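# Structural features, examined
Residues per chain, in single letters:
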Amino acid sequence: MILPIQYIKNALQLILVACPILLLDIYTKWLVRMNIPQGRGYSVIPGFFNIRHDRNTGAAFGILSDQRTLLIIVTIAALIFIIVYSFRFKHSRWMQISLGFLLGGAVGNFIDRIYLGSVVDFLQFGIESKQLYWPTFNVADISVCIGAGMLIVFLFRIQQSND
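Analysis parameters
- Residues numbered from 1 in each chain as written.
- Predicted model: local features only at pLDDT ≥ 70, side-chain atom pairs only at ≥ 80, totals over all residues.
- Heavy atoms only, no water.
- Helix = DSSP H or I, 4+ residues; strand = E, 2+ residues; numbered from the N terminus.
- Buried < 20%, exposed > 50% of the residue type's maximum accessible area, 1.4 Å probe, protein only.
- Contact = heavy atoms within 4.5 Å.
- Areas by Shrake-Rupley, 256 points an atom, 1.4 Å probe, with all protein chains shown as cover.
- Pairing = 2+ DSSP bridges.
- Axes fitted to C-alpha atoms, helices over the stretch in contact; angles between N-to-C directions.
- 1 Å grid on protein atoms, 1.4 Å probe; cavity = no way out; pocket = protein on both sides within 12 Å on 5 of 7 lines; lining within 4 Å.
- Points joined across faces, edges and corners; volume = space filled by probe spheres on them.
- Nonpolar A, V, L, I, M, F, W, Y, C, P; charged D, E, K, R; others polar.
- pLDDT = per-residue confidence, 0-100.
- Phe/Tyr/Trp six-rings, centres within 6.5 Å; stacked < 30°, edge-to-face > 60°.
- Parallel < 35°, antiparallel > 145°, perpendicular 65-115°, else oblique.
- Left-handed = near helix turned anticlockwise from the far one by under 90°.

With that settled, consider the overall build of the chain. A count of helices and strands for the chain gives four helices and four strands. For the chain, the N- to C-terminal ordering of α and β elements is α-β-β-α-α-β-β-α. In the chain, which comprises 163 residues, the proportion classed as buried is 37%. Considering only intrachain contacts with a sequence separation of at least 6, the fraction spanning at least 24 residues in the chain is 63%. Summed over all atoms, the accessible surface of the chain reaches about 10,000 Å², with 69% contributed by carbon and sulfur.

Given below as structure tokens:
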């Protein structure tokens, strides 16, 4: 069976956004795993930014810690959502890029959960003098946030055009 050209174009748009993100995510996590012992790190901008090898068994901010099976199921559901919506909004480049960011990030963290049992996080920002730190994160997390932000903007634009 030959796929219609529109299906191939949709898949290509998603892949062109998701693949570089996924490759960067995999590579940076590998570098951290190979060079920094877990729980340790290095100061990049003293008092503000560190590269630190942490593991997260949960989702964002550590919620649902040690709920690996649930998080895998949720990720599979998210991947289905991304694929379905990529066809529903096939004529919107904005939506395709948004979904590509979501796909790249979701797959990056999904791979960690499947193969390592936890997600490798390594970017840490904070105010060291006050011991205030944002939760450690990674390239996949950044990608998911960008994709979600773009999705929200898209939905607000649709809502405003319908008012």
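Anyway, onward from the coordinates.
Here we come to the sheet that holds strand β1 (residues 41-45). Read from one edge of the open sheet, four strands run β1-β2-β3-β4, paired in antiparallel fashion. The open sheet is flanked by β1 and β4 (132-133), the only strands paired with a single partner. Both strand β3 (residues 119-127) and β4 contribute to a ladder of two bridges, which runs antiparallel. In the sheet register, I127 faces β4, and the bridge partner there is L132. Its contacts with the sheet place helix α3 (residues 93-116) against β2 (49-56) and β3, and it is angled at close to 120° to β3.

Quick look at the layout of surface pockets now. Here the largest pocket is characterised by a volume of approximately 730 Å³. Lining the largest pocket are 27 residues, and of these A59, A60, N109, D141 and V144 sit closest to its centre. Residue assignment for the lining of the largest pocket shows that the elements contributing at least two residues are α2 (68-88), α3, β3 and α4 (139-162). When residues in the lining of the largest pocket are grouped by element, the largest group, six residues, is from α2. Looking at the lining of the largest pocket residue by residue, the classes come out as 18 nonpolar, six polar and three charged.

Overall, the prediction assigns the chain a mean pLDDT of 90, with 97% of residues at 70 or greater. Confidence, expressed as mean pLDDT per element, reaches its minimum in the chain at β4 with 88 and its maximum at β2 with 96.

Our focus in this paragraph is the environment of I45. Relative to the helices and strands, I45 is located in strand β1. Remark: the alpha-carbon pair of I45 and F154, spanning 109 residues in sequence, is separated by 35 Å.

Before going further, it helps to examine the packing of aromatic side chains. Per the stated rule, a full pass over the model turns up seven aromatic pairs. Where F48 meets F125, the ring centres are 5.5 Å apart and the plane angle is 70°; that geometry is what we call edge-to-face. Here F125 lies in strand β3 and F48 lies in the loop between β1 and β2, a separation of 77 residues in the sequence. By relative accessible area, which is 30% here, F125 ends up partly exposed. Both rings, one in F81 and one in Y85, keep their centres 4.5 Å apart while their planes meet at 35°; by these two values the pair is tilted. Of this pair, F81 and Y85 both sit in helix α2, four residues apart, which is roughly one turn of that helix.

Before going further, it helps to spend a moment on the packing of α2 against α3. The contact between α2 and α3 brings their axes to 10 Å, and the two run at 155°. In terms of orientation, α2 and α3 fall into the roughly antiparallel class. Every pair of crossing elements has a handedness; the one defined by α2 and α3 is left-handed. On the side of α2, the interface is formed by R68, L71, I72, T75, I76, L79, F81, I82, Y85 and S86, while α3 contributes M95, Q96, L99, L102, L103, A106, V107, F110, R113 and I114. Here the residues of the contact of α2 with α3 are counted per class, giving 15 nonpolar, three polar and two charged.

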